[in-house]
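Survey of secondary and tertiary structure
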Amino acid sequence: MVSTNVDLNAKIPNNVGLSDDVKLQRALETWLPSYLEWWNDMGPSDFADKPVFLRTAVSVESDGWANYDHVRMPDYRWGIFLNPREEESLIRCGDDAGKAAWTEVPGEHRNALRRIIVTQADTEPASVEQQRLLGHIAPSLYDMRNLFQVNVEEGRHLWAMVYLLHKYFGRDGRDEADELLQRRSGDPDKPHILGAFNQPCDHWLSFFAFTMFTDRDGKYQLAALSQSGFDPLARTTEFMLTEEAHHLFVGETGMGRIIKRSAELEKLDPNGDIRRAGGIDFDLIQRTINYWFTYSLDLFGGEISSNAADFFATGLKGRYREDRYEEHKAMGATYRLPVVEDGRLIDRDVPMRNAMNEVLRDSYITDCERALRKWNRTLEESGSSTRLSLPSRRFHRHQGIYADHSFDPQGNLVDRSRYDANKGNWLLTPADNDYLLSIMKPVYEPGKFANWIAPPARGIEGQPAEFEYVKLHD
Ligand code: BYC
């Protein structure tokens, strides 16, 4: 029975009546020590004994759902929460749109659903692993707290997916849940499933770009899954979206604060040399945007995908805000996209259902463009002449129809040799990473911020910027 209140005292906090299902409860309690071992080995390195001002979900009501307090990360209450439903759930898209949603996994969709859930689940531990060392070079206690908040919530999202695997997929699901803790970000032998989650995220510019661009893919994928005809998946992803908003805020404002500070340093240095003033120059910021935006574009899968067509047709995965579309079958419609033929880009029409990854990618890009406009307004207001931009969706792709061709950031087809010669101007380089690590020294004094980033406009939950968000000396 799903309720709005969360039993925080249970061994595994939940609102799904776990204690009524002894077998499932036992299975999850068996998974718990493996999870804690993974968190210990691969979660934030050190700081386990430091109280962090964390938000914990205490209810699934839309208002007052979270509680804020200083908590040591190992004491954070990871749990399983599903949004309750009052009305009967319906399949929202595809051939069976309007029929009753499934409360159990239909046999014919079992493999596809398992694949979707495992792919989603796999991203959660991966991102925590990627961010493991960042606490050691945090630009402030405020930022450090935000990092740890993101980390514990990704851990909770993993719990949400593991619950689905254990409850609905029997033995296979339990095996998949075990494997989630065995893959390692960037490990050539046991990498995580999707490309972006095996890229290094060694400094805070990448962290902010990751939470801006890669977590934002999470928002759109979760929103598409919240339209699923498999009702437990729809309800759990709906709740995950509530937490996800803060992760996106961390990324968007983090990038915005760096941009603001760089514009200040540009003015302070007599030659406008941001690096000489200890900051992050705009070319480097642009290369970082190019890098993480394009890896994140890959996360939407191929432009022309029979998987995507099947997911939509069977009602397993909808579009972003499916309820805002007038019709939910997308039959007979087409989507126009440029494809490479005979060494040229030519527009082709493909069946809309096969282009569903592209439809979702469009919604994502529109959202990213909004953030870019905001950052450029900051630059304009600061009197800087620089403007940042998103590269073309064809640039630097590893998945889909553009992956086997070379494009410049404007989306023009170029020779491989030209691409290779310019790569260092377009994408983050090892020298960039070295420079960033050289300026990123930890700032642990309450209210102080590293020279390369502006303070936030406001603190967390009404607290001032100088609040002791992480108590390092307790
Ligand atoms: N890297 O038909 P295709 C988040 C594989 S992020 C490597 O083009 P499809 C978060 C694909 O698996 C959101 N492989 O694509 C963010 C397939 O392999 P198989 C995560 C890739 O299936 C930050 C083959 O290429 N959620 O939550 O239409 C922090 C051809 O596939 C990639 C989801 O992903 C890639 N980038 O779409 C924390 C939602 N892309 O089966 C968390 C669930 C594709 O031939 N997943 N491939 O071996 C899905 O809906 C779909 O699986 C995808 C791919 C959108 C990922």
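You'll find the structure just up there.
Residues numbered from 1 in each chain as written. Predicted model: local features only at pLDDT ≥ 70, side-chain atom pairs only at ≥ 80, totals over all residues. Heavy atoms only, no water.

Notes on helix α5 (residues 204–225)
What counts, and what does not: Helix and strand assignments follow DSSP, with helices taken as H or I runs no shorter than four residues and strands as E runs no shorter than two, numbered in order from the N terminus. The span you would expect from a helix comes to 1.5 Å times its residue count less one. One axis fitted to the seven residues ending at a residue, another fitted to the seven starting there: the angle between these axes is the bend at that residue. Classification of residues uses two cut-offs on accessible area relative to the type maximum, computed with a 1.4 Å probe and protein chains only: under 20% is buried, over 50% is exposed, and between them is partly exposed.
For α5, spanning 22 residues, the distance from its first C-alpha to its last is 30 Å, which sits close to the expected 32 Å at 1.5 Å a residue. Remark: the principal bend of α5, roughly 35 degrees, maps to Phe210. Burial analysis of α5 places 21 of its 22 residues in the buried class, the great majority of the element.

Things to note about the site of the ligand
So the rule is basically this: Being near a molecule or strand, for a residue, comes down to having at least one heavy atom within 4 Å of it. Side-chain atoms alone can form a polar contact between residues adjacent in sequence; in general such a contact is a pair of N or O atoms within 3.5 Å, and within protein one must be able to donate a hydrogen while the other accepts it. Note on areas: these come from Shrake-Rupley sampling with a 1.4 Å probe, and a residue is covered only by the protein chains present in the view.
What surrounds the ligand is a group of 29 residues, the closest being Arg115, Gln120, Gly302, Ser305 and Lys317. Between the ligand and Gly302 there is a distance of 2.6 Å, counted from an oxygen atom to a backbone nitrogen or oxygen. Taken by itself the ligand offers 1,100 Å² of open surface, and the protein chains cover 81% of this. Sorting the residues of the shell around the ligand by element identifies α2 (110–130), α5 and α8 (306–313) as the ones contributing at least two each. Considering every element that reaches the shell around the ligand, the biggest residue donor is α2, with seven residues.

Points about helix α4 (residues 170–180)
Under the convention used in this document: Our arc is simply the arc of the directions from the helix axis toward the C-beta atoms. Residue contacts are defined here by distance: any two heavy atoms, one from each residue, within 4.5 Å place the two residues in contact.
Every buried residue of α4 is listed here: Gly173, Glu176, Ala177 and Leu180. Viewed along the axis of α4, the buried residues span an arc of 100 degrees, placing them on a single side of the element. Among the structural elements, α1 (22–42), α2 and α3 (141–168) are those in contact with the buried residues of α4.

Some thoughts on the packing of aromatic side chains
The following threshold applies: Think of it this way: a Phe, Tyr or Trp ring, Trp meaning its six-membered ring, pairs with another when their centres are within 6.5 Å, and the plane angle makes it stacked under 30 degrees, edge-to-face over 60, tilted otherwise. Think of it as a cone above the ring: NZ of Lys or CZ of Arg counts as a charge over the ring if it is within 6 Å of the ring centre and within 35 degrees of the ring normal.
Applying the stated criterion across every chain, the model contains 36 aromatic pairs. Residues Phe213 and Trp375 carry aromatic rings whose centres are separated by 6.4 Å and whose planes lie at 85 degrees to one another, so their mutual orientation is edge-to-face. Of this pair, Phe213 sits in helix α5 while Trp375 sits in helix α9 (residues 356–381), placing them 162 residues apart in sequence. Owing to a relative accessible area of 0%, Phe213 belongs among the buried residues under this scheme. The ring of Tyr325 has Arg319 sitting right over it, with the charged end atom 3.7 Å from the ring centre.

So, the environment of Pro446
In this fold, Pro446 is placed in the segment after α11 (430–439). On the basis of relative accessible area, Pro446 is assigned to the partly exposed category, the value being 35%. C-alpha of Pro446 to C-alpha of Ser140: the two residues are 306 residues apart in sequence and 7.3 Å apart in space.

Comments concerning the packing of α2 against α4
Under the convention used in this document: Interaxial angle, 0 to 180 degrees, is taken between N-to-C directions of lines fitted to C-alpha atoms, where a helix line uses only the stretch in contact. Oblique is the label for any angle not covered by the other classes, which are roughly parallel (under 35 degrees), roughly antiparallel (over 145) and roughly perpendicular (65 to 115). A crossing counts as left-handed when the near helix is turned anticlockwise from the far one by less than a right angle, and as right-handed when that turn is clockwise. When residues are sorted by character, Ala, Val, Leu, Ile, Met, Phe, Trp, Tyr, Cys and Pro go into the nonpolar class, Asp, Glu, Lys and Arg into the charged class, and all the rest, Gly among them, into the polar class.
α4 packs onto α2 with a crossing angle of 20 degrees between their chain directions and a minimal axis gap of 10 Å. Regarding the angle of α2 to α4, the classification is roughly parallel. Of the two elements, α2 crosses α4, and the hand of that crossing is right-handed. Where α2 abuts α4, its residues Arg110, Arg114, Val118, Ala121, Asp122 and Pro125 lie against Gly170, Asp172, Glu176 and Leu180. Of the residues belonging to the contact of α2 with α4, the class tally is four nonpolar, one polar and five charged.

Considering the pairing of strand β1 (residues 51–57)
Rules: Two strands pair under a simple rule: DSSP has to find at least two bridges between them.
Among the seven residues of β1, seven are classified as buried, and the element is accordingly described as predominantly covered. Because side chains alternate across β1, one face comprises the buried residues Pro51, Phe53, Arg55 and Ala57, and the other comprises Val52, Leu54 and Thr56, equally buried. Pairing of β1 with strand β2 (residues 66–72) involves seven bridges; the strand directions are antiparallel. Looking at β2, one finds that Val52 is bridged to Val71.

A look at the packing of α2 against α3
Running from N to C, α2 and α3 point in directions that differ by 155 degrees, and their axes come no closer than 8 Å. Between α2 and α3, the angle is such that the two are roughly antiparallel. Remark: the crossing between α2 and α3 carries left-handed chirality. Taking contact as the criterion, the partners of Arg110, Arg114, Ile117, Val118, Gln120, Ala121, Glu124, Pro125, Ser127 and Val128 in α2 are, on α3, Asn151, Glu154, Gly155, His157, Leu158, Met161, Leu164, Leu165 and Tyr168. Residues belonging to the contact of α2 with α3 are distributed by class as follows: 10 nonpolar, five polar and four charged.

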